[in-house]
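Coordinate inspection notes
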Amino acid sequence: MFISISTTATAERPATDLGFLLHKHPEKVQRFSTSHGVAHVFYPEATEQQCTAALLLDIDPVALVRQGRGRGKSGSPDLALAQYVNDRPYAASSLLAVALRTVFRSAMKGSCEKLPGRADLAMPLRIALPAVPATGAGEGGGPAMVRRLFEPLGWQVDAVAVPLDEVFPEWGESRYVRVELTGELRLADALQHLYVLLPVLDGAKHYWVAPDEVDKLLAAGEGWLADHPELAVITRRYLARRWSLTRLAMERLALARLAEADDREAEELDNAVDDDQSAEDGATGAAVSDTPADDTPVSDTAAAPAPAGSPSNGNARAVETPDTEKPDAGKPDADGRPVPLAVQRRTAVLAALAETGAARVLDLGCGQGELVGDLLKDARVTEVLGVDVSSRALAAAERKLRLDRMSERQAARVRLVQGALTYTDARLKGYDAAVLSEVIEHLDLPRLPALEYAVFGAARPQTVVVTTPNVEYNVRWETLPAGHVRHSDHRFEWNRAEFAAWAERVARTYGYTVALRPVGPVDEEVGAPTQLALFRTATTDNAPEGSVTR
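In what follows, the accompanying structure is described. (Residues numbered from 1 in each chain as written. Predicted model: local features only at pLDDT ≥ 70, side-chain atom pairs only at ≥ 80, totals over all residues. Heavy atoms only, no water.)

To continue, consider the overall build of the protein. Counting its secondary structure elements, the protein contains 18 helices and 15 strands. The buried share among the 550 residues of the protein stands at 52%. Counting only contacts in the protein whose residues sit at least 6 apart along the sequence, the fraction spanning at least 24 positions is 70%. With an accessible surface of roughly 25,200 Å², the protein has 51% of that area assigned to carbon and sulfur atoms. (Helix = DSSP H or I, 4+ residues; strand = E, 2+ residues; numbered from the N terminus. Buried < 20%, exposed > 50% of the residue type's maximum accessible area, 1.4 Å probe, protein only. Contact = heavy atoms within 4.5 Å. Areas by Shrake-Rupley, 256 points an atom, 1.4 Å probe, with all protein chains shown as cover.)

The structure is reproduced here in structure tokens:
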């Protein structure tokens, strides 16, 4: 198994810089033990004008089989004899990718203490691979597949199929391709490309694919994988077509894209619940809700200050207030038990949607899917699209709704997708209604206009239902100190006048009418704990543009 990496001199630097970047001295032949064989590194040429580093990986196929690798799910699909007589010692596969990482680990990280800053610069590179397996399995193979994988990354690709026998060309082509890549790239990027794409071309991992392979893929693919046109193929084949790992990788990539677009850390967006709640939900890392449905305040030590300039609360923080949505927040049901405010909210939302006759509904910020589940119980609702930025919340919603156990007809009515509500999304267009239940208060105020345009301007459903806490009612929570919000992730909480002013402005700007309603028990002094706005396009009910009813 052989690979060579060559470079030429530039006006600024000699070609022998390659030795410093690879951390391997050109005047030495070096030997490294890997998990599947012995790797030899040497330099066929090393002058100031041209330098070539070669890696020869000597694989022992017998030892590979005895280690339990190279057969079954983890490796070669060939028959028993082929476990000993196979292409593993010769064809560039996942075993070579592992060797590259083992031998050139520092170079892959882009570190070079002896030439500071050199590793951050692009350099002319030529990479030669005499034999690369390029199997298709329904996804296309051969030279065309090599080009599809490498050309979008800035490589010029010379890929030629190797004939089965040069003496007998009529036998046709083998599944192997002779590959030469040329381009101006950072050496670290080039090695990361090879580390990911060699196993993808081979279509088989020759060792057990554990969940940590997702972390390796995302680390090596940082900066290029998410935007690659063959993202789905790369992810699926790199993870040996393990569906659960492939879905996890795609979700994490989508979250990373959203976080980058919003100039935030992915953990800030995927902070649905803490680890204890996730464990109780039945799976490690699964979120219960990205927008807390019950407004239950959390401890002061875990809370973060709300952004400066938030109305009503300044830099208020939430403190622990148990059972805030029980007797004092809810009216009793038929058995005399208090109805949680979260249930009353969903009931009010469903009633508002029923008034409009909406059949296709968006649940924006769907969390763990409680409202989605209630919507599916209504036969008048033909389609529900749940959207949330948190992949963990969506995974929890999928489990809670038992999507995998739904009948085909029922499952066709619901979809859960990942998305950020502050960006326009073509998937949200064409729906009758959208619901933003306890969502807007989780946004920083400067981001709120972006959500307004994405929902009311771009998606523009005929009906939009918005609910948010009424900060005036907070004085009725006996264990919630004055000046504190109901949840640590609330960036603001509006009083009734502030919510009305916002609703009127949005209605006027985007051509809706709006009706404001209380949700929960109404106090004569401070109103209801939750406030609801029902927006309808002005043409829907022939009301004057931007009119308001209360």
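Here the focus is unusual backbone geometry. The phi torsion at H23 lies on the positive side, around 60°, for a residue other than glycine. Take H23: it is sitting in the loop between α1 (17–22) and β2 (30–34). Residue class for H23 comes out partly exposed when judged on its relative accessible area of 37%. Residues other than glycine seldom take positive phi values, yet E438 does so here, at roughly 55°. Topologically, E438 is positioned in the loop between β11 (433–437) and α16 (448–459).

This part is about the packing of α16 against helix α17 (residues 496–510). Relative orientation of the contacting elements α16 and α17 amounts to 50°, with a least axis distance of 11 Å. In terms of axis orientation, α16 runs oblique to α17. Here the hand of the crossing between α16 and α17 comes out right-handed. Across the interface between the two elements, L448, E452, Y453, F456 and G457 of α16 pack against W502, R505, V506 and Y510 of α17. (Axes fitted to C-alpha atoms, helices over the stretch in contact; angles between N-to-C directions. Parallel < 35°, antiparallel > 145°, perpendicular 65-115°, else oblique. Left-handed = near helix turned anticlockwise from the far one by under 90°.)

So, on to α16. In this model, α16 (12 residues) spans 15 Å end to end at C-alpha, consistent with the 16 Å of a helix rising 1.5 Å per residue. Listed in full, the buried residues belonging to α16 are L448, L451, E452, A454, V455, F456 and A459. Here the buried residues of α16 occupy an arc of 165° about the axis, which is enough to place them on one side. Considering only its buried residues, α16 is in contact with β8 (360–364), β11, β12 (463–469), α17, β13 (512–519) and β14 (530–537). (Expected span 1.5 Å × (residues − 1). Arc of directions from axis to C-beta.)

Nonpolar side chains collect at one region of the surface, where L164, V167, F168 and W171 lie side by side and expose about 440 Å² of accessible area between them. With respect to the helices and strands, the residue V167 is situated in the loop between β6 (156–163) and β7 (173–185). (Patch = residues over 30% accessible without salt bridge, like charges linked within 9 Å, V, L, I, M, F, W, Y side chains within 5 Å. Salt bridge = Lys/Arg side-chain N within 4 Å of Asp/Glu carboxyl O.)

What follows concerns the nonpolar core. With 70 residues, the main nonpolar core has L55, L129, F150 and W155 as its most contacted residues. Ranked by residues supplied to this core, first place goes to helix α6 (residues 187–202) with 10 residues. If near-sequence neighbours (up to four positions away) are discounted, W155 is found in contact with L125, I127, F150, L181, T182, G183, L185, A190 and H193. (Core = buried A, V, L, I, M, F, W, Y, C linked by side-chain atoms within 4.5 Å.)

Counted by the stated rule, this structure contains 18 salt bridges. A salt bridge links R186 to D189; its shortest N-O distance comes to 2.7 Å. Judged by relative accessible area, which is 27%, D189 ranks as partly exposed. Note that D444 and R491 form a salt bridge whose closest N and O atoms lie 3.0 Å from each other. On the criterion of sequence distance, the pair formed by D444 in the loop between β11 and α16 and R491 in the loop between β12 and α17 is long-range, its members being 47 residues apart.

So, on to the pairing of β13. The two faces of a sheet get side chains in turn, since along a regular strand they alternate between them. Most of β13 sits out of view: 6 of its 8 residues are buried. Sheet topology places β13 next to β14; 8 bridges connect them, and they run antiparallel. Bridge pairing links R517 to L532 in β14. (Pairing = 2+ DSSP bridges.)

Let's shift gears to the sheet that holds strand β1 (residues 2–8). On the basis of which strands lie adjacent, the open sheet formed by 7 strands has the order β2-β3-β4-β1-β5-β7-β6 and antiparallel pairing. Where the open sheet ends on each side, the last strands, each with one partner, are β2 and β6. Shown here is a sheet whose adjacent strand axes are inclined to one another by a mean of 15°, direction ignored. Here strand β3 (residues 37–46) pairs with strand β4 (residues 50–59) via 8 bridges, running antiparallel. For V41, the partnering residue across the bridge sits in β4 and is L55. Seen against the sheet, helix α5 (residues 142–150) touches β6 and β7 and runs at an angle of roughly 160° to β6. The strands touched by α6 are β1, β5 (123–133) and β7; relative to β5, the strand with the most contacts, the crossing angle is about 15°.

Relative to the helices and strands, R345 resides in helix α12 (residues 341–356). For R345, a relative accessible area of 2% puts it in the buried group. A polar side-chain atom of R345 sits 3.4 Å from a polar atom in the side chain of T530. (Polar contact = N/O pair within 3.5 Å; in protein donor to acceptor, adjacent residues only side chain to side chain.)

Further remarks concern the packing of aromatic side chains. Taken as a whole and judged by the stated rule, the model has 12 aromatic pairs. Measuring from ring centre to ring centre gives 4.9 Å for F456 and F535, while their planes differ by 70°; the resulting arrangement is edge-to-face. Of this pair, F456 sits in helix α16 while F535 sits in strand β14; the two residues are 79 residues apart in sequence, bridging distant segments of the chain. The residues F456 and F535 share a single accessibility class, namely buried. Aromatic pair Y512 and F535: ring centres 6.4 Å apart, planes at 85°, arrangement edge-to-face. You can see Y512 sitting in strand β13 and its partner F535 sitting in strand β14, a full 23 residues away along the chain. Per residue, the accessibility class of Y512 equals that of F535, and both read buried. (Phe/Tyr/Trp six-rings, centres within 6.5 Å; stacked < 30°, edge-to-face > 60°.)

Topologically, H193 is positioned in helix α6. Discounting chain neighbours no more than four positions away, the residues touching H193 are F150, L153, W155, L185 and W224.

This part is about the packing of α5 against α6. The contact between α5 and α6 brings their axes to 11 Å, and the two run at 150°. Between α5 and α6, the interaxial angle falls into the category roughly antiparallel. As for the relative orientation of α5 and α6, their crossing is right-handed in sense. Mapping the contact onto sequence places M145, V146, L149 and F150 in α5 and H193, L194, L197, V200 and L201 in α6. Split into classes, the residues belonging to the contact of α5 with α6 amount to 8 nonpolar, 1 polar and no charged. (Nonpolar A, V, L, I, M, F, W, Y, C, P; charged D, E, K, R; others polar.)

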